[in-house]
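# Overview (structure and organization)
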Amino acid sequence: MMLTRIRLGVNVDHVATLREARKISEPDPVQAAIFAEQAGADQITVHLREDRRHIQERDVMLLREVLHVPLNLEMAPTQEMVHFALKVKPDIVTLVPERREEVTTEGGLDISRNKDILSRITNHLGDAGIQTAVFIAPDLQQIKEAKRIGVSAIELHTGEYANTRTHAERDRRLNILKEACRAAARVSLQVHAGHGLNLHNIALLAQIPELEEVNIGHSIVGRAIFVGFTKAIQEMRTALDLYRHT
Ligand code: PXP
């Protein structure tokens, strides 16, 4: 079976994290996004958090103006964020859960608990021509609920797979992800994945046929310190293509 190429979304939040550590104007995540685009990123992903700890509204607005590839805005499902998204019009919004005290997005959305609000937001964004994805755990019930609220895509949280320390546990988590990808594709949901992915753990994930897109930030920005940003992106692109076909 001929597998389609996996789209690589590069998350530039951590470039902004470094900038905000000094509260000055560099390093600039917008400049990073332009480098990423030129290095082969298929999409730029940013998470505008409620506490604005890294990406700022201005960054998202500038990205909207300068990018040639799609802009994926990760945001909490709040009225304030929807208002902002409708103003900026990213190509896709990925709805994520958010807790102020967390270091990073720790879990997926609980769709059944927030069905009404999530389906209202999906409709609202859809009316403005913005595609919606939900960031969820690889859980069959969540996938069913995602289909019901009308999103076109899901992003599967790969954190638990990425954090495994033994081969047995890794394979167990991988199988859960495989099953989730199959279930999503069966109901015609596009399948994205992200969180904690790096040059090592992408190897097995890239072989899942239903997987269409990955969003990767921390490992690319971290590796860029040693090999440069362009090279770090090119390496990930090469790894995705290589493992896809092995
Ligand atoms: N996808 C989503 C929905 C996320 O919340 C994050 C983390 O901000 C990522 C992808 C990227 O994760 P990482 O920085 O671990 O590569």
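For the structure, check the block above.
Calculation notes
- Residues numbered from 1 in each chain as written.
- Predicted model: local features only at pLDDT ≥ 70, side-chain atom pairs only at ≥ 80, totals over all residues.
- Heavy atoms only, no water.
- Helix = DSSP H or I, 4+ residues; strand = E, 2+ residues; numbered from the N terminus.
- Rg over C-alpha atoms; globule rule 2.2 N^0.38 Å.
- Contact = heavy atoms within 4.5 Å.
- Areas by Shrake-Rupley, 256 points an atom, 1.4 Å probe, with all protein chains shown as cover.
- Lys, Arg positive; Asp, Glu negative; His and termini not counted.
- Charge placed at Lys NZ, Arg CZ, Asp CG, Glu CD.
- Near = heavy atom within 4 Å.
- Polar contact = N/O pair within 3.5 Å; in protein donor to acceptor, adjacent residues only side chain to side chain.
- 1 Å grid on protein atoms, 1.4 Å probe; cavity = no way out; pocket = protein on both sides within 12 Å on 5 of 7 lines; lining within 4 Å.
- Sits in = over half its atoms within 2 Å of the grid points.
- Nonpolar A, V, L, I, M, F, W, Y, C, P; charged D, E, K, R; others polar.
- Salt bridge = Lys/Arg side-chain N within 4 Å of Asp/Glu carboxyl O.
- Buried < 20%, exposed > 50% of the residue type's maximum accessible area, 1.4 Å probe, protein only.
- Pairing = 2+ DSSP bridges.

### Examining the overall build of the protein
A count of helical and extended segments in the protein gives 11 helices and eight strands. For a compact globule of 246 residues, the expected C-alpha radius of gyration is about 18 Å, and the protein comes in at 17 Å, within 12% of that figure. Along the three orthogonal principal directions, the C-alpha set of the protein runs to about 45 × 45 × 35 Å. Counted over contacts in the protein with a minimum sequence separation of 6, partners at least 24 positions apart contribute 68%. Total accessible area on the protein stands at roughly 12000 Å², and carbon and sulfur atoms take up 51% of it. Across the protein, the mean location of the 31 positive side-chain charges is 3 Å away from that of the 33 negative side-chain charges.

### Describing the site of the ligand
The environment of the ligand is made up of 13 residues, and the closest members are E74, E155, G196, G217 and H218. In the model, a nitrogen atom of the ligand is placed 2.5 Å from a nitrogen or oxygen of the E155 side chain. For the ligand, whose unbound accessible area comes to 400 Å², protein coverage reaches 94%. A molecule is said to occupy a pocket when more than half its atoms come within 2 Å of that pocket's grid points, and by this definition the ligand occupies the largest pocket. Its residues placed into classes, the shell around the ligand shows three nonpolar, seven polar and three charged.

### Focus: the pattern of salt bridges
What the rule picks out here adds up to 19 salt bridges. With a closest N to O distance of 2.6 Å, R52 and E57 form a salt bridge. For R52, a relative accessible area of 16% gives the class buried. Overall, the relative accessible area of 29% leaves E57 in the partly exposed class. Here R223 ties to E235 by a salt bridge, and the two come within 2.4 Å at their closest N and O atoms. Of the two residues, R223 is situated in helix α10 (residues 218-227) and E235 in helix α11 (residues 229-244); the sequence distance between them amounts to 12 residues. Residue classification places R223 among the partly exposed residues on the basis of a relative accessible area of 34%. By relative accessible area, which is 17% here, E235 ends up buried. Each of R5, D42, R237 and D241 takes part in salt bridges that share partners, so that together they form one network.

### As for the pairing of strand β2 (residues 43-47)
Consecutive side chains along a regular strand alternate between the two faces of the sheet. Among the five residues in β2, five count as buried, and that is most of the element. Alternating residues of β2 divide into Q43, T45 and H47 and I44 and V46, and every residue in both groups is buried. Pairing between strand β1 (residues 7-11) and β2: three bridges, direction parallel. Following the sheet pairing, G9 is matched in β2 by Q43. As paired elements, β2 and strand β3 (residues 71-75) share four bridges and run parallel to each other. The residue of β3 that forms the bridge with H47 is E74.

### A short note on the side chain of D42
Structurally, D42 is set in the loop between α2 (29-39) and β2. Look at D42 and you get buried, because its relative accessible area is 17%. A distance of 2.7 Å separates a polar side-chain atom of D42 from the backbone nitrogen of L8. At 3.1 Å, the side chain of D42 and the side chain of R237 are in polar contact.

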